[in-house]
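# Per-entry structural report
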Amino acid sequence: VVLACVERDDGRWTVSMLTTDNFHRIAKPLTKRITGHILPLIRDLGGQQVTCCSLAERSPMQKWMTRSLGARQEDVLRQHGRNGEDFILFAWDLT
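This section reports on the structure supplied with the text. (Residues numbered from 1 in each chain as written. Predicted model: local features only at pLDDT ≥ 70, side-chain atom pairs only at ≥ 80, totals over all residues. Heavy atoms only, no water.)

## Focus on the overall build of the protein
As a reminder of what qualifies: Secondary structure counts use DSSP, requiring at least four H or I residues in a row for a helix and at least two E residues in a row for a strand, with both numbered from the N terminus. With a 1.4 Å probe rolled over the protein chains alone, any residue whose accessible area is under 20% of its type maximum counts as buried; one over 50% counts as exposed, and the rest are partly exposed. Should any heavy atoms of two residues lie within 4.5 Å, those residues are counted as being in contact. A 1.4 Å probe and the Shrake-Rupley method give the accessible areas. Residues count as covered only by the protein chains that appear here.
Secondary structure summary: the protein contains two helices and five strands in total. Overall, the protein shows an N-to-C arrangement of helices and strands of β-β-α-β-α-β-β. In the protein, which comprises 95 residues, the share counted as buried stands at 34%. Restricting to contacts in the protein with at least 6 residues of sequence separation, those with at least 24 account for 56%. When the accessible area of the protein is evaluated, it comes to approximately 6,300 Å², of which 48% is carbon and sulfur surface.

## Some details on helix H2 (residues 59-68)
Note the cut-off: Arc definition: it is the arc formed by the directions from the helix axis to the C-beta atoms.
The set of residues buried in H2 consists of Met 61, Gln 62, Trp 64 and Met 65. In an axial view of H2, the angular spread of the buried residues amounts to 160 degrees, which keeps them on one side of the axis. Turned more than 90 degrees off the buried face of H2, the exposed positions are Pro 60 and Arg 67.

Shown next as structure tokens:
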């Protein structure tokens, strides 16, 4: 897993993550790390909102983000990918 957190502008952050098909092996400890450390750290640094996109066909990842991480679906980005793939935009409000 590769995880990156970048502040886009004042208080608005983007989180990106690359995983393998073996993600299920680390999902539980990663959930604890994100909810217990990463999101609180972003909030402590003045973060107000965090966004993340997921490939629309990756429904297990989307369920993990909403059920385990507490993200909410914001939008569907049609033909957003390099090959015309759809993505789903998720967000967390930290205020």
